[in-house]
Amino acid sequence: MAAEPEGEGRRVETAASPVAPPVSHPPLPVEAEARMPTALRDLVAQADAGNPGAACRLGSLLAQCSLLPAWWHSEEFVANLRKKEKAAVGRGNLQAANDAATSLLLVQKRLEHCGGIPDELYPRAHAYLRQAALAGERQALVQYTRGESFPSLGMIDNHQMRSPDFDVWRAEAHELLQAQLRDGRPEAALMLLEAHSTRGGNLTMITPPDPLLDHAYLLLVQRLFEDFEYPENWSPATPEAAIAAEAEALARRWHREHFQDRRFSVKRDLVGFERELLHPDHSPWPGVVSTAPGCSDPSKAGS
C-alpha cells in the first residue's frame, strides 16, 4: 500500500466544533448602520451574537459583493441596461436583447443584495466566513478554504497577504479540507484538486507542487464524480509511471475509506459552490445546482 503523504492523517478538531466563538467587531458608524436595510442589520446582529447560519450568509454575501465594482449594482447601470435591451428589441436583434435582459436580471439581484452594504462592513467578510466554517457551515467551508474572502490576491494590490487573517487562513485551509475529506464531503475533493492544479486561484497559490498529490487528487475526483470534466484552461501534468501507480493506489484508498466507493454528480451533489450574484462564467464550477442549502437557517439556531 502506498505511504500516506504528509499531512493526510491529521485530524482537525476545530472543523468539528459545533459552534465557533464570534469575533468582537468595533461598532459600525451610526450613519452607516442607519443606511443598512433592516434584514441586513438583523443578520449582522445575529452573526455578532454567534449565530453560525447568520455568519455564513453574511460572510458569503460580503465575499460575493466585494468582487463586484460598485457601478455593477448601481441604479445608473440598471438604467443603461434597460436602454440597451430596448434598443436591441427595436433593431430586431433578439440575441442582444436576451443578453441584455439576462444581465439586467442579474444586476437587479446584485442591487437588491449589495446596494445597502456600507463599506465599513466588507472587511468583516473573512471573520464571518471563518466563524461559520469552524462551526461546520458547508457554504462557508467552501468559500473560506478557497480563500474567497481575499478577492485582491494575485492582483496589483496584494496588501491582504500582509494581514494576520491571511496567515491564519494559510495555516489552516489545507487541514480544514483534509478534515472535510475524511468526513466524506465531495466538495473537499474538488477543492483539493483546485489546490493542486495550475488554475485553482488562492488555494493554488499556497499549495506547493507535489506530483504525487497533484495526480492523486485528479484520480480521486474522476472516481468520485460521474460527470466530472476537467476545465479547459487547466493543464494537468503527466506523471512518471511509478508516481502514477502510487497516485492510483492513494485515490482508490481515499475513495474506499472516506466515501465507501460512492459516486456523486458535480451538478447535483455539491453544496456551497453556487454563487447567485456572480455570472456563471465567474463561478468556480458552472452548472452546479446544490441539492441542500449551503447555510443553515439563522432563525433555527439552537433548535
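This text goes with the structure placed above it.
Residues numbered from 1 in each chain as written. Predicted model: local features only at pLDDT ≥ 70, side-chain atom pairs only at ≥ 80, totals over all residues. Heavy atoms only, no water.

1. Details of the overall build of the protein chain
Part 1: A count of helices and strands for the protein chain gives 12 helices and 0 strands.
Part 2: Going from N to C terminus, the protein chain has its helices and strands arranged as α-α-α-α-α-α-α-α-α-α-α-α.
Part 3: Of the contacts formed within the protein chain by residues at least 6 apart in sequence, a portion of 75% connects residues at least 24 apart.
Part 4: For the protein chain, the accessible surface area stands at approximately 15,400 Å², while carbon and sulfur atoms represent 54% of it. (Helix = DSSP H or I, 4+ residues; strand = E, 2+ residues; numbered from the N terminus. Contact = heavy atoms within 4.5 Å. Areas by Shrake-Rupley, 256 points an atom, 1.4 Å probe, with all protein chains shown as cover.)

2. Some remarks on helix H7 (residues 138-145)
Side chains of residues three or four places apart in an α-helix project in the same direction, reflecting 3.6 residues per turn.
Part 1: Most of H7 is tucked away, with 7 of its 8 residues classed as buried.
Part 2: The elements touched by buried residues of H7 are helix H3 (52-65), helix H6 (125-134), helix H8 (164-182), helix H9 (186-195) and helix H10 (202-205).
Part 3: Phi turns positive one or two residues past the end of H7, at Gly 147, with a value near 75°. (Buried < 20%, exposed > 50% of the residue type's maximum accessible area, 1.4 Å probe, protein only.)

3. A look at the state of the cysteines
One way to say it: the disulfide is the covalent bond shared by the sulfur atoms of two cysteines.
Part 1: For the structure shown, the criterion picks out 2 disulfides.
Part 2: Across the disulfide, Cys 56 is cross-linked to Cys 295 (sulfur-sulfur distance 2.0 Å). Its S-S torsion of about -65° marks the bond between Cys 56 and Cys 295 as left-handed, since a negative value means left-handed. Of the two residues, Cys 56 sits in helix H3 while Cys 295 sits in the segment after helix H12 (241-259), which places them 239 residues apart along the sequence. No difference in accessibility class separates Cys 56 from Cys 295, as the two residues are buried.
Part 3: Each disulfide pairs two cysteine sulfurs, and for Cys 65 the partner residue is Cys 114, the sulfurs being separated by 2.0 Å. Judged by the sign of its S-S torsion, about -75°, the bond between Cys 65 and Cys 114 is left-handed. A residue pair is termed long-range when its members are at least 10 positions apart, and Cys 65 in helix H3 and Cys 114 in helix H5 (residues 94-114) qualify at 49 residues. Comparing Cys 65 with Cys 114 shows no difference in burial state: the two are buried. (Disulfide = S-S within 2.5 Å.)

4. Focus on the side chain of Asn 202
Part 1: With respect to the helices and strands, the residue Asn 202 is situated in helix H10.
Part 2: Note on Asn 202: relative accessible area 13%, which makes it buried.
Part 3: One polar contact links the side chain of Asn 202 to the main-chain carbonyl oxygen of Gly 147, over a distance of 2.7 Å.
Part 4: In this structure the side chain of Asn 202 is engaged in a polar contact, spanning 3.2 Å, whose partner is the backbone oxygen of Phe 150. (Polar contact = N/O pair within 3.5 Å; in protein donor to acceptor, adjacent residues only side chain to side chain.)

5. A word on the environment of Arg 268
Part 1: Note on placement: Arg 268 falls in the segment after H12.
Part 2: Between the C-alpha atom of Arg 268 and that of Asp 227, which follows or precedes it by 41 residues, the distance is 9.9 Å.
Part 3: A distance of 3.3 Å separates the side chain of Arg 268 from the side chain of Glu 226, its partner in a polar contact.

6. Re the packing of aromatic side chains
Each aromatic ring pair is specified by the distance between its two centres and by the angle formed by the two planes.
Part 1: Under the definition given, this model contains 7 aromatic pairs.
Part 2: For the pair Phe 150 and Trp 169, a centre-to-centre distance of 5.4 Å together with 55° between the ring planes defines the contact as tilted. Taken together, the residues span a long stretch of sequence, with Phe 150 in the loop between H7 and H8 and Trp 169 in helix H8 at a distance of 19 residues. Both residues of the pair, Phe 150 and Trp 169, belong to the buried class.
Part 3: Look at Phe 259 and Phe 264: their rings are 6.0 Å apart centre to centre, the planes differ by 80°, and that puts the pair in the edge-to-face class.
Part 4: By relative accessible area, Phe 259 is classed as buried at 1%. (Phe/Tyr/Trp six-rings, centres within 6.5 Å; stacked < 30°, edge-to-face > 60°.)

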